[in-house]
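Working through the structure, step by step
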Amino acid sequence: RAKLDGGGAARRFDPALFALEEQRRKAEGDIIRALDEGQFEVHYQPIVDLDGEQTVGVEALVRWQHPERGLVAPIAFLEMAESLGLLPRLGGWVLEEACLQAVRWQRQFPGFEMNVNLSASQLSNPNLVAEVRGVLERTGLEPEHLVLELTESVALTDLVESARVLTDLKSLGVRIALDDFGTGFSSLSHLSALPVDVVKIDRSFVQAMPESGGASVAEAVLHIARTFNLAPVAEGVEDAAQAEWLRDLACSRAQGYHFARPMPALGVTELLDKQADKEIPLAG
Ligand code: C2E
Ligand code: MG
Ligand code: MG
Ligand code: MG
């Protein structure tokens, strides 16, 4: 009977679609309010040099300090924010906040590096290069201490366009990291097409450390990194055995719960203070 009345009308009032649309509208309102009211925070996860296990930089990771839900991880809101077109604004805020913080930490640790993630919509935003330049100027961060991370899936949506934007970004003096490396497609051909400086080895490969000396994807990725003259960073190192194994494979940098979890800025400041204390031999 519904068909005779016109399927189109029936579809227009699909309650599931209506509920979804309602949800999006509510999410949009919530995220915009959160931006206006300053509910987002940047947490930072240390990146360590595997010889000596010194913190040499951090990755900025956004969090939502939600009035009712508490601290919300990015997986719960980033995709929605991206689909609503809010990532350029949210990501721009993260970038500025992270760069300001990096300048402060450089007083404790000269050369300290800041890694910031970029989303697909940020990369395709024609103002991105001007925005990054503006943030560097306003915060005073030297560009060589900023690393912009993007995943293969983001970089590969339009390879030619990505290569152009990344080249423009690099002309500012910043570096580019390919995030979650190895989880995308035909990575090799893309590596040579994209002006990338760093590869971050996805944690799935780091955690698949061979039990007894077998070869692994992580080793293959490290080999590729060396071949292309890229600096490798291992992600998701969760125990001492993985750290040791990576050290044996001459992977110089790593990140993971074994060293430190993402934490508010103050935690990193304290960590750098402790690190500095260790370097200065105390008299008496
Ligand atoms: P990612 O860029 O690959 O960041 C690493 C993620 O792995 C973080 O999750 C971090 O907390 C987690 N992680 C670090 N060490 C370990 C470990 O030892 N074990 C395990 N199981 N996980 C570990 P988080 O903070 O939930 O972020 C998830 C993703 O959200 C990030 O993955 C990144 O793609 C995205 N993201 C986070 N902040 C931003 C941002 O400001 N902008 C954009 N565009 N994306 C962001
Ligand atoms: Mg990342
Ligand atoms: Mg990653
Ligand atoms: Mg990852």
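Our subject is the structure listed above.
Everything in this summary refers to the structure shown in the same document. Computed from a predicted structure; not experimentally measured.

**A closer look at the site of ligand 1**
In the vicinity of ligand 1 lie 25 residues, with Glu-59, Arg-63, Asp-179, Glu-238 and Tyr-257 positioned nearest. The backbone of Tyr-257 places a nitrogen or oxygen atom 2.8 Å from an oxygen atom of ligand 1. For ligand 1, whose accessible area on its own is 800 Å², the fraction buried by protein is 83%. Placement of ligand 1 is best described as lying within the largest pocket.

**A word on the coordination of the magnesium ion (ligand 3)**
Protein-derived coordination of the magnesium ion (ligand 3) comes from Asp-179 (OD), Asp-180 (OD), Glu-235 (OE) and Glu-235 (OE), at a distance range of 2.0 to 2.6 Å. Donor residues for the magnesium ion (ligand 3), ordered by position in the chain, follow D-D-x54-E. Look at Glu-235 and you get buried, because its relative accessible area is 12%.

**Description of empty space enclosed by the protein**
Scanning all chains against the criterion turns up one cavity of 30 Å³ or more. Elements that contribute at least two residues to the lining of the largest cavity include exactly α4 (87-108) and α6 (128-139). When the residues that make up the lining of the largest cavity are grouped by side-chain class, the tally is four nonpolar, three polar and one charged.

**Focus on the packing of α4 against helix α13 (residues 265-279)**
Packed helices, taken two at a time, are described by the angle between their axes plus the distance between the axes. α13 packs onto α4 with a crossing angle of 15° between their chain directions and a minimal axis gap of 10 Å. By the criterion of interaxial angle, the relationship of α4 to α13 is roughly parallel. Seen from above, α4 lies across α13 with right-handed handedness. Mapping the contact onto sequence places Gln-101, Trp-105 and Gln-108 in α4 and Ala-265, Val-268, Thr-269, Leu-272 and Asp-273 in α13. A breakdown of the residues in the contact of α4 with α13 according to their chemical character gives four nonpolar, three polar and one charged.

**A look at helix α12 (residues 240-248)**
Structurally, the α-helix is built with 3.6 residues per turn, so residues lying three or four positions apart point the same way. Along α12, the positions that sit buried rather than exposed are Gln-242, Ala-243, Trp-245 and Leu-246. Along the axis of α12, the buried positions cluster into a sector of 165°, meaning they face one direction only. Packing partners of the buried residues in α12 comprise α10 (203-206), α11 (217-227) and β8 (231-234). A distance of 3.2 Å separates the backbone nitrogen of Ala-241 from a side-chain oxygen at the start of α12, and that oxygen is part of Asp-239. Backbone geometry just after α12 places Ala-250 at a positive phi near 60°.

**A word on the nonpolar core**
Counting residues in hydrophobic clusters, the biggest one holds 78 residues, and the most contacted among them are Met-114, Val-132, Leu-146, Leu-148 and Leu-169. Of the residues forming this core, the biggest block, eight residues, is contributed by α4. Residues within four places of Leu-169 in sequence aside, it is in contact with Leu-118, Leu-128, Val-129, Val-132, Leu-148, Val-174 and Ile-176. By size, the runner-up hydrophobic cluster in this structure holds five residues, among which are Ile-47, Val-147, Ala-177 and Val-198.

Conventions adopted
Residues numbered from 1 in each chain as written. Chains lettered and ligands numbered in written order. Predicted model: local features only at pLDDT ≥ 70, side-chain atom pairs only at ≥ 80, totals over all residues. Heavy atoms only, no water. Near = heavy atom within 4 Å. Polar contact = N/O pair within 3.5 Å; in protein donor to acceptor, adjacent residues only side chain to side chain. Areas by Shrake-Rupley, 256 points an atom, 1.4 Å probe, with all protein chains shown as cover. 1 Å grid on protein atoms, 1.4 Å probe; cavity = no way out; pocket = protein on both sides within 12 Å on 5 of 7 lines; lining within 4 Å. Sits in = over half its atoms within 2 Å of the grid points. Donors = N, O, S within 2.8 Å, 3.2 Å for Na, K, Ca; no water. Buried < 20%, exposed > 50% of the residue type's maximum accessible area, 1.4 Å probe, protein only. Points joined across faces, edges and corners; volume = space filled by probe spheres on them. Helix = DSSP H or I, 4+ residues; strand = E, 2+ residues; numbered from the N terminus. Nonpolar A, V, L, I, M, F, W, Y, C, P; charged D, E, K, R; others polar. Axes fitted to C-alpha atoms, helices over the stretch in contact; angles between N-to-C directions. Parallel < 35°, antiparallel > 145°, perpendicular 65-115°, else oblique. Left-handed = near helix turned anticlockwise from the far one by under 90°. Contact = heavy atoms within 4.5 Å. Arc of directions from axis to C-beta. Core = buried A, V, L, I, M, F, W, Y, C linked by side-chain atoms within 4.5 Å.

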